[in-house]
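Here is what each chain is made of, one letter per residue.
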Amino acid sequence: MKKFIALATVGVAAAVGTVYSTHPLEFRQLTERAAVSGLRVWDGVEANPVPVILALGTFLLTIVYHKLKGKTFRESVEVAATRVTVVPVAVAAPAPAATATETTVIKRAQARATRTQLIADQIGLENRLRKLPDEVQKAEKEACYAEHALSDLSKTLALKEKAHADAVAKLGALRAELAAGEAELEAIDDELHKLAEVV
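Remember, predicted model here, so these are calculated numbers, not experimental data.

If you tally the helices and strands in the protein chain, you get 5 helices and 0 strands. Along the protein chain, helices (α) and strands (β) appear in the sequence α-α-α-α-α when read from the amino end. Looking at the 199 residues of the protein chain, the share that counts as buried comes to 3%. Carbon and sulfur atoms provide 67% of the accessible area of the protein chain, an area that totals close to 17,600 Å².

Written out as structure tokens, the structure reads:
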């Protein structure tokens, strides 16, 4: 384990050195970002230290508790860090006949469980497939009705748009006629006033 940790440390150091030598600008930016993130985390801890103190206190208290129960320091740290108790179990070598019987029994039980699950899945699928044709037919009818309604609405919309266009054209024609009539009436009034002055 110590060799593995030493090898991992050397590998990480070599990787960091390689990145620093090949990409110094990116490495510098990365270290600056890491420093800023670290400062932000530290500011958060300073602003509210209670959760951190509580977590560290619980961790240390767990280590002390397991140490007092007779575990080694390493086991205490392991339990405190993982909250999992590792229990070593001695496995005795079974007799060959028992292994063969057990394997056969286990295979038979697995086959039965698999068969039962497959039958349950088959029944559920058959029940679902039995209902699906009616549901498909109902969905087809609904889609057909919706398509007819959409077609009718499209025709109605086209008729309404045509009626609107006709009404707008008629309004424009009537306004033009009104303006022309008012202009002509004004011209007639002017002529009548001129004639009245002459007569």
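Let's pick the thread back up.
Where helix α3 (residues 50-68) contacts helix α4 (residues 73-82), the axes come no closer than 8 Å and their chain directions differ by 135°. By the angle between their axes, α3 is oblique relative to α4. Note on packing geometry: the crossing formed by α3 with α4 is right-handed. Where α3 approaches α4, its residues Phe59, Thr62, Ile63, His66 and Lys67 are matched on the opposing element by Phe73, Ser76, Val77, Val79, Ala80 and Ala81. Residues of the contact of α3 with α4, tallied by class, amount to 7 nonpolar, 3 polar and 1 charged.

With that settled, the discussion passes to the side chain of Ser76. Locating Ser76 in the fold gives a position in helix α4. In terms of polar contacts, Ser76 uses its side chain to reach the backbone carbonyl oxygen of Thr72, at 2.9 Å. Every residue in contact with Ser76, bar those within four places of it in the chain, is listed here: Ile63, His66, Lys67 and Lys71.

With that out of the way, let us pick up the pattern of salt bridges. As enumerated under the stated definition, the model contains 2 salt bridges in all. Measuring nitrogen to oxygen at the nearest pair gives 3.2 Å for the salt bridge that ties Asp166 to Lys162. Placement of both Asp166 and Lys162 in helix α5 (residues 96-198) is noted, with a separation of 4 residues, approximately one turn of the helix. Take Asp166: its relative accessible area is 42%, and that puts it in the partly exposed class.

Turning next to the confidence of the model for the protein chain. Confidence in the prediction of the protein chain, expressed as mean pLDDT, is 85, and 89% of residues score 70 or more. When pLDDT is averaged over each element of the protein chain, α5 comes out on top at 89 and α4 at the bottom at 82.

What follows is about α4. All buried positions along α4 are accounted for by Ser76, Val79 and Ala80. Projected down its long axis, α4 carries its buried residues within an arc of 95°, all on one side. Of the exposed residues in α4, those oriented more than 90 degrees away from the buried face are Arg74 and Ala81. Buried residues in α4 make contact with α3.

Calculation notes
- Residues numbered from 1 in each chain as written.
- Predicted model: local features only at pLDDT ≥ 70, side-chain atom pairs only at ≥ 80, totals over all residues.
- Heavy atoms only, no water.
- Helix = DSSP H or I, 4+ residues; strand = E, 2+ residues; numbered from the N terminus.
- Buried < 20%, exposed > 50% of the residue type's maximum accessible area, 1.4 Å probe, protein only.
- Areas by Shrake-Rupley, 256 points an atom, 1.4 Å probe, with all protein chains shown as cover.
- Axes fitted to C-alpha atoms, helices over the stretch in contact; angles between N-to-C directions.
- Parallel < 35°, antiparallel > 145°, perpendicular 65-115°, else oblique.
- Left-handed = near helix turned anticlockwise from the far one by under 90°.
- Contact = heavy atoms within 4.5 Å.
- Nonpolar A, V, L, I, M, F, W, Y, C, P; charged D, E, K, R; others polar.
- Polar contact = N/O pair within 3.5 Å; in protein donor to acceptor, adjacent residues only side chain to side chain.
- Salt bridge = Lys/Arg side-chain N within 4 Å of Asp/Glu carboxyl O.
- pLDDT = per-residue confidence, 0-100.
- Arc of directions from axis to C-beta.

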